[in-house]
Amino acid sequence: MKVLRYEGAYTMSYLDVPCPEPKEHEVRIKIKAVSICGSDLSGYRGINSLRVAPLIMGHEFAGVIDACGTGVTELRPGMRVTVNPSMYCGVCENCKSGNYNLCDRKTVPGTSVGGVNVDGAMAQYLCVRESSVIPLTDGISMEEASVLEPLAVSLHGVKRAGELNGTRFVVIGAGPIGLLAMQCIRDRGAASLIAMDLVDARLHTARLCGATQTLNLREQALDEVWAMTDGCGADVVYDCVGNEKSVEQATQIVRNNGKIVVIGMAAAQITFPIKRFVAHEFQMLGSYQYLDEMKEGMRLVTERKIDLAPIITSVLPLSSGAEAFASLCSASPKDVKIVLVPEEKSS
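Everything in this summary refers to the structure shown in the same document. Since the structure is predicted, the reported quantities are computational estimates derived from the model, not experimental observations.

Definitions and cut-offs
Residues numbered from 1 in each chain as written. Predicted model: local features only at pLDDT ≥ 70, side-chain atom pairs only at ≥ 80, totals over all residues. Heavy atoms only, no water. Helix = DSSP H or I, 4+ residues; strand = E, 2+ residues; numbered from the N terminus. Rg over C-alpha atoms; globule rule 2.2 N^0.38 Å. Buried < 20%, exposed > 50% of the residue type's maximum accessible area, 1.4 Å probe, protein only. Contact = heavy atoms within 4.5 Å. Lys, Arg positive; Asp, Glu negative; His and termini not counted. Charge placed at Lys NZ, Arg CZ, Asp CG, Glu CD. Salt bridge = Lys/Arg side-chain N within 4 Å of Asp/Glu carboxyl O. Disulfide = S-S within 2.5 Å. Pairing = 2+ DSSP bridges. Axes fitted to C-alpha atoms, helices over the stretch in contact; angles between N-to-C directions. Phe/Tyr/Trp six-rings, centres within 6.5 Å; stacked < 30°, edge-to-face > 60°. Core = buried A, V, L, I, M, F, W, Y, C linked by side-chain atoms within 4.5 Å. Arc of directions from axis to C-beta.

Points about the overall build of the protein chain
So, point 1. What the protein chain contains, in helices and strands, is 11 helices and 15 strands.
So, point 2. On C-alpha atoms alone, the protein chain measures out to a radius of gyration of 20 Å, which is about the 20 Å that the 2.2 N^0.38 rule sets for 347 residues.
So, point 3. Projected onto the principal axes, the alpha-carbon positions of the protein chain cover approximately 60 × 45 × 40 Å.
So, point 4. Per-residue burial over the protein chain gives 52% buried out of 347 residues.
So, point 5. A fraction of 69% describes how many contacts in the protein chain between residues 6 or more apart in sequence connect residues 24 or more apart.
So, point 6. Considering the protein chain, the positive charge centre built from 34 side chains and the negative charge centre built from 39 side chains are found 1 Å apart.

Right under this line is the structure:
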C-alpha cells in the first residue's frame, strides 16, 4: 500500500509498504480522508518530540472497514467509521475515574506518544482496535468526519469553561482549533465573541465561525478588548496558542474572577504573572484532548450547527502530501486545514 512517511525535518516520502492485517479484536480501515493537524506540522518542522522519524503520521481520519480480525463482534466490513485515536489503557486510575484523556499509558496512531512510534492514517489502510472505532451517522462526509477529532478538542475545551450563555468570550488564535472553538461557543449561547490573531485572513474566517468582533494585534492594541467588553473584560478567555505572550495577554483581558482555558501548547514552560493571578482571583484551566466529544461533535455537524466548510480549505491526494505540508509551513499559508485523500490504486 502507499503511505506518506515523515523521514525527518522538512522531509516526507511517498512510498510502498506492506498492507497490515488485523489482529484479534482489530479492524482494518480503508482510509478515505485524513487531515493534517497542527501537531503534525510541528513534527514536520522537527520541533515536536511526539513525532519521531521515521513515522507515518495522521491521527485525524475516517474510512470504511475493510476487514475484521477474530473476536470483533460489533463491527463489520463496509461500515463508515472514524476513530478515537487515543489508545488509553483502561486500567489506570485516570481511566477508571473516567478521565481517560489523561491516561499516562496511552498511545496514539501517527505519533510517538508514550515513547512508542505507532504508524497512523496517512496511508491507504490502518488497523485499530474495535473499541476505539466510532461508526458514522448518515449525512456526514468522509472529509468532515476526518475533522471530528480536532472538533472534539475544541468542544472539550469550551465545555471546560462551564455555562457560556450570556458570557463575553475571547479566543486567542484563529487557527483550526480556535475557529472550531468559536463555532462551539456560538452554539452554546455566548453573548459576544472576540477573535484575536495576527492575520487578517484568519480573522475574516473567524467572522464566518461566529466572532462578533475581531482584533488584529499587529495593528490594534490589546486594551481595545476592554472597550469591546464595556470596560468589564472577558468572562472567559480561550487560549489556542499557549505560549508566554498569549498567556500574558489572556491575564490582561480576563475580568476579575473570570476564567482562562488554555489548550495550546506552543511553549513547554513560561513565566507566569502570579501576582495578577492571585490579586484578581481568575481561574486558570487546562484542557487536553477530549472524552466523548467526537460523538457529540458528529451530532453537531450532522445537525449543521457546526459548519466545517470554512475549516477544510483544500482536499488533496495523499500523493501530494509533501507539497501540502510544505505549503502549510510556508510564511503565508493559504489554507486553514488540508484533508488528504488516499488514491484508490497502489501504483
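Things to note about the pattern of salt bridges
So, point 1. The final tally for this structure, using the stated rule, is 17 salt bridges.
So, point 2. Among the ionic pairs, D40 bridges to R51, the shortest N-O distance being 3.1 Å. Note that D40 is positioned in helix α1 (residues 38–44) and R51 in the loop between α1 and β4 (60–68), a separation of 11 residues in sequence.
So, point 3. Under the relative-accessibility criterion, R51 is labelled buried at 6%.
So, point 4. We note a salt bridge from E293 to K159, for which the minimum N-O separation is 3.1 Å. Of this pair, E293 sits in helix α10 (residues 293–302) while K159 sits in helix α4 (residues 148–160), placing them 134 residues apart in sequence.

Brief notes about the state of the cysteines
So, point 1. Enumeration according to the criterion identifies 0 disulfides in this entry.
So, point 2. C92 provides the cysteine sulfur closest to C89, a residue in no disulfide bond, and the two sulfurs are 3.6 Å apart.
So, point 3. In this structure C89 comes out as partly exposed when scored by relative accessible area, which is 28%.
So, point 4. The structure places no disulfide on C127, whose sulfur is separated from the nearest cysteine sulfur, that of C19, by 7.1 Å.
So, point 5. With relative accessibility at 17%, the residue C127 sits in the buried group.

A word on the sheet that holds strand β9 (residues 192–197)
So, point 1. Across the sheet, 6 strands lie side by side as β10-β9-β8-β11-β12-β13; this open sheet has parallel pairing. Each edge of the sheet is formed by a strand with only one pairing partner; in this case those strands are β10 (213–216) and β13 (283–286). Between one strand and the next, the sheet's axes are offset by a mean angle of 20 degrees, whatever the strand orientation.
So, point 2. Summarising the sheet, β9 and β10 pair through 4 bridges and their orientation is parallel. Counterpart to D197 in the pairing with β10 is N216.
So, point 3. Helix α8 (residues 244–253) contacts β8 (168–172), β9, β11 (234–239), β12 (254–262) and β13 of the sheet and is inclined by roughly 150 degrees relative to β12.

So, unusual backbone geometry
So, point 1. Each neighbour pair has its own omega, and for A53 with P54 the value is -5 degrees, a cis peptide bond.
So, point 2. Assignment of secondary structure puts P54 in the loop between α1 and β4.
So, point 3. Unusually for a residue other than glycine, E281 sits at a positive phi of about 50 degrees.
So, point 4. Of the residues examined, E281 reaches a relative accessible area of 56% and is grouped as exposed.

Considering the packing of aromatic side chains
So, point 1. Scanning the model with the defined rule gives 6 aromatic pairs in all.
So, point 2. For the ring pair Y10 and Y44, a centre distance of 5.2 Å and an interplane angle of 65 degrees mean the geometry is edge-to-face. Of this pair, Y10 sits in the loop between β1 (2–8) and β2 (11–16) while Y44 sits in helix α1, and the two are 34 residues apart along the sequence.
So, point 3. A residue is classified by how much of its surface remains accessible, and Y44, at 6% relative accessible area, is buried.
So, point 4. Judged by centre distance (5.3 Å) and plane angle (45 degrees), the rings of Y44 and F325 are tilted. Of this pair, Y44 sits in helix α1 while F325 sits in helix α11 (residues 321–328); the two residues are 281 residues apart in sequence, bridging distant segments of the chain.
So, point 5. Connected via pairs of aromatic rings, a cluster forms that spans Y10, Y44 and F325.

Section: the pairing of β1
So, point 1. Judged by how many residues are buried, β1 sits mostly within the fold: 5 of 7 residues are covered.
So, point 2. What sits between the antiparallel neighbours β1 and β2 is a turn of 2 residues, in which Y10 has the positive phi angle 60 degrees.

With respect to the nonpolar core
So, point 1. Ranked by internal contacts, the top residues of the largest apolar core, which has 49 residues, are L148 and M182.
So, point 2. Each residue touching M182, except ones within four places of it in the same chain, is listed here: V171, G173, A174, L193, A195, A206, C209 and A211.
So, point 3. In terms of nonpolar packing, the next biggest core, distinct from the first, is built from 38 residues, L75, F325, I338 and L340 among them.

Section: helix α6 (residues 200–208)
So, point 1. Burial in α6 covers these residues: R202, L203, T205 and A206. All buried residues of α6 lie within an arc of 155 degrees about the axis, which places them on one face of the element. For α6, exposure combined with an orientation more than 90 degrees from the buried face picks out A201 and H204.
So, point 2. In this structure, the buried residues of α6 make contact with α5 (176–187), β9 and β10.
So, point 3. Positive phi shows up at G210, right after α6, with a value of about 120 degrees.

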